[in-house]
Amino acid sequence: MAGNMGSSMEVIREARCRILVVGVGGGACSVLSHALADWPNPPTVAAVNTDAGALAASGVDLKVPIGRTIAQGLGAGGDAELGRLAANEDLDALRMLVSDHDLLILVASLGGGTATGAAPILAGLAREAGLLVLAYVTTPFDFEGSRRQEQAQEGLAELKQNADAVICLPNQRLYSMLSPGTPLVEAFAFVDRMMTAGIRGLWTLLARDNMLNLDFSDLQSLVSNSGNECVFGYGEGSGPDKVTQALDDLLEGPMLEKGQIIANSGAMILSITGGPDLSLAELEMIRQRFHKAARPGAHTAIGAAVLEDWKGRVALTVLAAEHWMPSTAPSSARQTLSSALFGHPEGAGQSTPAAGKRGKQGIMELDDNRGRFQDMAPTTYKGEDLDIPTYIRRGIRLPT
Amino acid sequence: MSMEPIVALEIGTNRVRVFVAEAREDGGLVITAVGDAACSGMRKGEVVDFKSVCSCTEAALRQAETAAQISINEVYLLMSGSQIEAIPNRGEIAVEGEITEEDVEQVRSVAKEVTLPAGREILHSILGQYGVDGCFGVSPVGMTGKTLSADMLIVHGIASRMVNVVKVVKEQKLEVLEILFSGLCAVKAALSTEQKIQGVLLIDLGGGTTDYVAYAQSKISDAGVIGVGGDHVTNDIASAFRILGPEAEKLKRQFGDAMVSAAGRTRQLPVPTGVGEEPRTVKLYDLQTIVHLRMEETFGLIRAQLQEKGLLNQIRGGVVLTGGGAYLKNVTQLAEKVFGLPCAVGGPRNVSGLSANLAVPEYSTGVGGALYGHQCALNKVAQAPGFIKAVGRWFGID
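Residues numbered from 1 in each chain as written. Chains lettered and ligands numbered in written order. Predicted model: local features only at pLDDT ≥ 70, side-chain atom pairs only at ≥ 80, totals over all residues.

Turning next to the overall build of chain A. Broken down by element type, chain A carries 15 helices and twelve strands. Sorting the 400 residues of chain A into buried and exposed places 53% on the buried side. Looking at chain A alone, contacts between residues at least 24 apart form 75% of all its contacts between residues at least 6 apart. (Helix = DSSP H or I, 4+ residues; strand = E, 2+ residues; numbered from the N terminus. Buried ≥ 20, exposed ≤ 12 C-beta atoms within 10 Å, placed from the backbone. Contact = placed C-beta atoms within 7 Å.)

Below, the discussion takes up the nonpolar core. Leu202(B) and Leu321(B) are the most contacted members of the largest nonpolar core, which totals 123 residues. Broken down by element, the residue count for this core peaks at eleven residues, all from helix α8 (residues 284-308) of chain B. Those residues within four positions of Leu321(B) in sequence are excluded, and the remaining contacts are Ile203(B), Leu205(B), Ala326(B), Val331(B), Thr332(B), Ala335(B), Cys343(B), Val345(B) and Gly346(B). Listed in part, the 102 residues of the second largest apolar core include Val45(A), Ala76(A), Ala123(A) and Val231(A). (Core = buried A, V, L, I, M, F, W, Y, C linked by C-beta atoms within 7 Å.)

Our focus in this paragraph is the environment of Ile99(B). Residues and elements named next belong to chain B. Considering the arrangement of structural elements, one finds Ile-99 in the loop between β7 (85-94) and α2 (101-112). Taking the C-alpha atoms as reference points, Ile-99 and Lys-146, separated by 47 residues in sequence, lie 9.2 Å from one another. With residues near it in sequence (within four places) discarded, Ile-99 still touches Val-104, Val-132, Pro-140, Val-141, Gly-142, Met-143, Gly-145 and Leu-148.

What follows deals with the sheet that holds strand β10 (residues 313-321) of chain A. All names here are of chain A. Strands sit in the order β3-β2-β1-β4-β5-β6-β7-β10-β8-β9 across an open sheet of ten strands; the sheet is mixed. This sheet does not close on itself; its edge strands, each paired only once, are β3 (62-65) and β9 (299-306). When the angles between neighbouring strand axes are averaged without regard to direction, this sheet yields 20 degrees. When strand β8 (residues 267-274) meets β9, the two strands line up parallel, connected through eight bridges. Counted as the bridge partner of Ala-267 is His-299 from β9. Contacting β5 (132-139), β6 (165-170) and β7 (229-238), helix α6 (residues 146-162) runs over the sheet at an angle of about 170 degrees to β5. (Pairing = 2+ DSSP bridges. Axes fitted to C-alpha atoms, helices over the stretch in contact; angles between N-to-C directions.)

Now for the sheet that holds strand β3 (residues 29-38) of chain B. All names here are of chain B. The strand order across the open sheet built from five strands is β3-β2-β1-β6-β11, with neighbouring strands paired in mixed fashion. At either margin of the open sheet sits one strand with a lone partner, and together these are β3 and β11 (175-181). Across the sheet, the mean angle separating the axes of adjacent strands is 20 degrees when strand polarity is ignored. When strand β6 (residues 74-79) meets β11, the two strands line up parallel, connected through six bridges.

A few words on the pairing of strand β12 (residues 200-205) of chain B. All names here are of chain B. In terms of burial, β12 is a largely internal element, six of the six residues being buried. A two-sided burial pattern is seen for β12, the buried positions comprising Val-200, Leu-202 and Asp-204 on one face and Leu-201, Ile-203 and Leu-205 on the other. In terms of strand pairing, β12 meets strand β13 (residues 210-216) through six bridges, oriented antiparallel. Residue pairing for β13: Leu-202 is matched across the bridge by Val-213. Taken together, β12 and the strand that follows it, β13, pair antiparallel across an intervening segment of four residues.

Right, let's talk about the interface of chain B and chain A for a bit. Counting from both sides, the interface comprises 37 residues of chain B and, opposite them, 33 residues of chain A. Elements with a minimum of two residues in the side of chain B that touches chain A: α6 (230-241), β16 (280-283), α8 and α9 (331-339) of chain B. Counting residues per element, the side of chain B that touches chain A draws most heavily on α8(B), at 13 residues. Its residues placed into classes, the side of chain B that touches chain A shows twelve nonpolar, twelve polar and 13 charged. (Nonpolar A, V, L, I, M, F, W, Y, C, P; charged D, E, K, R; others polar.)

Right, let's talk about the pairing of strand β14 (residues 219-226) of chain B for a bit. Look at any regular strand and the pattern is simple: side chains alternate between the two faces of the sheet. All names here are of chain B. Counting buried positions along β14 gives eight out of eight residues, so the element sits mostly inside the fold. With seven bridges connecting them, β13 and β14 associate as antiparallel partners. Of the residues in β14, the one forming a bridge with Asp-211 is Val-225. Hairpin remark: β13 followed by β14, antiparallel, with two residues in the connecting loop; positive phi at Gln-217, about 50 degrees.

This part covers the packing of helix α4 (residues 91-98) of chain A against helix α5 (residues 113-128) of chain A. Residues and elements named next belong to chain A. Contact geometry for α4 and α5: axes closest at 9 Å, N-to-C directions at 55 degrees. When the axis of α4 is compared with that of α5, the two are oblique. For the pair α4 and α5, the crossing hand works out as right-handed. Residues Leu-91, Leu-94, Arg-95 and Val-98 of α4 form the contact with α5, whose own contacting residues are Leu-122, Leu-125 and Ala-126. (Parallel < 35°, antiparallel > 145°, perpendicular 65-115°, else oblique. Left-handed = near helix turned anticlockwise from the far one by under 90°.)

As a further point, take α5(A). What sets the pattern is the α-helix's 3.6 residues per turn: residues three or four places apart point alike. Between its first and last C-alpha atoms α5(A) spans 24 Å; for 16 residues at 1.5 Å apiece the expected length is 22 Å, and the two agree. Burial analysis of α5(A) places 15 of its 16 residues in the buried class, the great majority of the element. (Expected span 1.5 Å × (residues − 1).)

Here the focus is helix α3 (residues 159-171) of chain B. All names here are of chain B. End to end, α3 covers 18 Å across 13 residues, agreeing with the expected 18 Å (1.5 Å per residue, within 8%). For α3, the full list of buried residues reads Met-162, Val-165, Val-168 and Val-169. Lys-173 occupies a position one or two residues after α3 and carries a positive phi of about 60 degrees.

Residue and element names in this part refer to chain B. Summing up the model confidence of chain B, the mean pLDDT is 88 and the portion of residues at 70 or higher is 94%. Between residues 384-398, whose pLDDT stays under 50, and residues either more than four places distant or in other chains, the model counts 24 contacts. With a pTM of 0.59, the predicted complex shows an ipTM of 0.86. (pLDDT = per-residue confidence, 0-100.)

All names here are of chain A. Mean pLDDT for chain A: 76, with 80% of residues reaching 70 or above. This stretch, residues 1-15, has a pLDDT under 50; its non-local contacts, to residues over four places away or in other chains, come to 43 contacts. Segment residues 326-367: pLDDT under 50, and 58 contacts once partners within four positions in sequence are set aside and those in other chains are kept.

Below, the structure is given as structure tokens:
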């Protein structure tokens, strides 16, 4: 059972899902412009912004201006409330944008007005339309000021309620990766590069016929048990020691707090991107190093993609769930049951419509769900009552 | 025909099945009639409502008797249930000089002597291999050595739980010739010799239980029962969508899928509602998630058992799925994912003249039971006294 996400590398069949990548606000749109510059066969990428000028200049094909009346195409001026109103003005356009897709990767640099205000609304709409929503966001550097930081945190909290999972990359965490003399422009360019790598790492694994594919269900499994929060890490290397370099970059670097986050996480998805020269021994080396770094029993799904133009290079992308709810611990059966019934234990202030609706739908009678096996001796395995539906023991909220 | 018709009776959690077979002149076996009736009163392979199981069993027997135009007096009874387990056991004796047939016989009986927890009874002792002075996999007769060993796999179950099934049969005024573990019967019908040599895992996806038998190094190396079956899938669906069992069963059969698909996120399925309720739909995606999680867990449990015993990497021939659960959409794909091995659905194959409507995965155990019974009968004729000693061999390769 512990092998369901597989502690070993598994050959997983292709999983195709219709992926939509949307950048909300100026920062995210510029990230996506960069990402698209050298992206062969990209997914559908859209930019949503209040700033008509920035939108026009963006290299993204699909442009969705919002709040043309309220913001008059001039941007939200750092005001999240204005961003929210702008999104509400164009709900139909946003609904249209997300229709006919399965997975939304929502990119936003929180702290800005449009991103902070509009991103949670877009996430909510997408989830209503049945998409799995992954929000990929940054929070500001400390030097950007405390108001921006506070606004970002509020947006983050709201986004966590509306998205299936939020992957947050605090810029401040990247600060220590930069030398003190780094020019401001370069610091932001660095953030852009990290975001780009993450989006593409995720997309590569889900969308292509890879050597080792990840399924949509692996992602779903990680995301739905993640407590709505994932951590993202990225490392790359080149030359003869490329794998060691990439591993050091990832596991010793600040993005995963020197590997501490890997050690804490209950589940993770590791994506390996390499060239045709990527060898089995190298894959094994990565697997072993991860096995050592991770806590015992952590669920790890590994996918690998080989791209022609990646010769001599390797990149590692990790999505880790620190607050992953383990499904096998017998004592947690009740706990996860209650979270299955009432939504997330920490999701106290469920003010948003989407979150509220889901919470209600999940409510069931408070029997122990053994159903037709009610009066029988339970079938147990390592203390777990197998007669209780698996999805309940895994803490998955149904219907979605 | 010199031999009596062979009758295998399988009292499953959802169906009672009776297979009548006759031996042919050339030594082959032909299935002449089948009785197949719905069964209520069983849960997870065990009797919970004696009366109702009796009447279901009677219905299936009458059906078979009418079709075969015989009167059934004795049966081979197939048995499953989560209480059935297997343990390996090695017997060893000292020998002098050349090893004789008698030595071999002696070591076999020593290997069968195993102390089981109170209340447990041996169903099968399956011979694995012989060893002479630590050299295994040999044919010992004629060799010279100091110690001779035999490895056996002992399949055993809780007597009190099996007694209830036997009582159902006795109620029909029938004799039970042998009690057979249904997983081993499925193996008999659904696996080829090549598969057994390569190493293969057979999983019988039943209504109440999931039985498995693993061949490694040309011999049965593990067998067991997980007390989780198709009923659990149905129960999970009923619980999630708050619908009744029969409706959940219908939904499972029509739309159930062991893999989650992206397309499922947008597909809505109608579910029946009570009087005065508004029509309701559920998401295919949710149904897929429920089924996927349960099946993945069940396969995962088997995988964990095999891994614990160090057998997983010895199964090279892949996984064969049989039983009614093998109809579940994408179930082979899921098994391939969990075990990392090729996987296929298998039905009964080792019977001559099997018509297409009999060569279905849910008949593997019953047909296997008839095959087993046939071999029992042949041996009885060949060597009237002490035929039991050869039982284990029939599951081997030879």
